[in-house]
Amino acid sequence: MSCKQSQVLFDRAKKCIPGGVNSPARAFKAVGGTPRFISRAEGAFLYDEDDNRLVDYIGSWGPMILGHAYPMVIKAVQDAAGYSTSFGAPTKAEILMAECVCRMVPGLEKIRMTNSGTEACMSAIRVARGYTDRDKIIKFEGCYHGHGDSFLIKAGSGALTLGHPSSPGVTKGTAKDTLTADFNDLDSVKKLFIENPDEIAGVILEPVAGNMGCVPPRDGFLEGLRSLCDQYGALLIFDEVMTGFRIAPGGAAERYGVKPDLFTFGKVIGAGMPVGAFGGSSEVMSVVAPDGPVYQAGTLSGNPVAMHAGLALLTELEQYPEIYDDLENRSDQLGRELMQVFDEYGLTVTYNRVGSMLGFFFCDGLVESFADVSRTDTAFFAEFFHGMLEEGIYLPPSAYEAWFVSHAHTGDVIRETARAARSVLKKWSSPSQGTASAR
Ligand SMILES: *Cc1c(COP(=O)(O)O)cnc(C)c1O
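Parameters at a glance
Residues numbered from 1 in each chain as written. Predicted model: local features only at pLDDT ≥ 70, side-chain atom pairs only at ≥ 80, totals over all residues. Heavy atoms only, no water. Helix = DSSP H or I, 4+ residues; strand = E, 2+ residues; numbered from the N terminus. Rg over C-alpha atoms; globule rule 2.2 N^0.38 Å. Contact = heavy atoms within 4.5 Å. Core = buried A, V, L, I, M, F, W, Y, C linked by side-chain atoms within 4.5 Å. Buried < 20%, exposed > 50% of the residue type's maximum accessible area, 1.4 Å probe, protein only. Domains from an automatic or database assignment.

## Comments concerning the overall build of the protein chain
Looking only at helices and strands, the protein chain features 14 helices and 16 strands. The C-alpha radius of gyration of the protein chain comes to 22 Å, within 12% of the 22 Å expected for a compact globule of 439 residues. Summarising its shape, the C-alpha atoms of the protein chain cover approximately 65 × 60 × 45 Å along the three principal directions. The contacts in the protein chain between residues at least 6 apart in sequence include a share of 70% that link residues at least 24 apart.

## Notes on the nonpolar core
By size, the foremost hydrophobic cluster in this structure holds 61 residues, and its most contacted members are Val101, Phe140, Phe245, Phe265, Ile269, Leu314 and Leu317. Two domains each provide a minimum of three residues to this core, namely domain 1 (4-68 + 321-427) and domain 2 (71-319). In contact with phenylalanine 245, not counting residues within four places along its chain, are Ile65, Val101, Met104, Val105, Gly251, Phe265, Val268, Ile269, Leu314, Leu317 and Tyr324. Among the nonpolar cores identified, the runner-up in size contains 40 residues, and Phe342, Ala382, Phe384 and Ala399 belong to it.

## Quick look at the environment of glutamate 283
Structurally, glutamate 283 can be placed in helix α9 (residues 282-285). Residue classification places glutamate 283 among the exposed positions, given a relative accessible area of 51%. Here the alpha-carbon distance between glutamate 283 and glutamate 109, two residues 174 residues apart in the chain, equals 9.0 Å.

## Digging into unusual backbone geometry
Here alanine 289 and proline 290 are connected by a cis peptide whose omega angle stands at 10°. With respect to the helices, strands and loops of the structure, proline 290 is situated in the loop between α9 and α10 (304-319). Not every positive phi belongs to a glycine, and aspartate 133 is a case in point at roughly 55°. Of note, aspartate 133 is situated in the loop between α4 (117-132) and β5 (136-140). Among the residues examined, aspartate 133 registers a relative accessible area of 71% and is labelled exposed. Phi is positive for alanine 271, which is not a glycine, with a value near 55°.

Structural data, given as structure tokens:
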């Protein structure tokens, strides 16, 4: 499969854009090689600048839950754009969007739109701090909440609970207010509450971690966080940027029946347009300006084209809940068929799935935390990624990213994927190569 045009464009991009990309994961650093420059997409397929057809398991990192260029979404964008692309004044579409999301998500009463998941998460912790009049937040190792300063913090080593910036440019002052716990480990959270009495404003997490592969919450984990937050007077924040409208119409709050105090959204909510949102109960959201003193704003927030796009997608999801049964069945089919292929070639793989979010880890044993995820064989994944790409299957370019199945991934597309995996592993197990047999 040629990627000549992509290579030419990548070389050119690197001269005027840092690393040639506008978001680092796109640069293929974790797997090496040439990122594919995409020219168009439809349904389950991407087409790159060399006109290769690729089965897409990224789906723009989540938004394309009904597949690319979904007709209702495209029409909504075209219609809305014809009336101008922004007003900087309120519109009816924003109300329709807020009403729709509050209907779909249990426990959500008021919502404010932003332009990205990052902004939504930054704003949510500001609300938690403003509401509780406390400074510190707890996050979990391996969870991602965008590139806000407060989230680019890693745990201190050993007995030191003080966080460290994980990126230059984040100040030590910011780092000291972010505490890090271990996903699926309630004791690690309790310890932080005990060590920081009356200081924790909120606990933020991905209720199903999707930025370290796919790591579901253990039974009782979310409920346990709910009671710890209640006990210590902190707000529970579900970052549903990935899980929202994906693992159920009402996201993780619906699927697991646990009600957070604050939610953040992104990805699906904008149908591929730049949209995020944060919300919660009317009482908590009453601190947000102009009702309350917690400042938050955005020139393009609630943008009419973006609202109509998101609304078109959410309306489909709300109207046809059987979509979620299909997503469940197809994702299950993908998991089973791939695991069978891995098994045929004697590979040790651990597989997690929640709805249409999947994680394959090239290691043995349960994968329930960041430490577990770190055992995956990233070198093997990089080889597998390129093998699959050569067969026309576009996986996320990192062993630490979840795979997404869309409603456009039919049984045929999934069988094609399993066939591709079989042909990759078969090539390697032939006597002349032997990569897979060594593992
Ligand atoms: C993608 C993501 C974000 C950040 O959203 P952006 O729109 O990329 O800023 C935040 N939280 C989670 C869980 C995400 O998956």
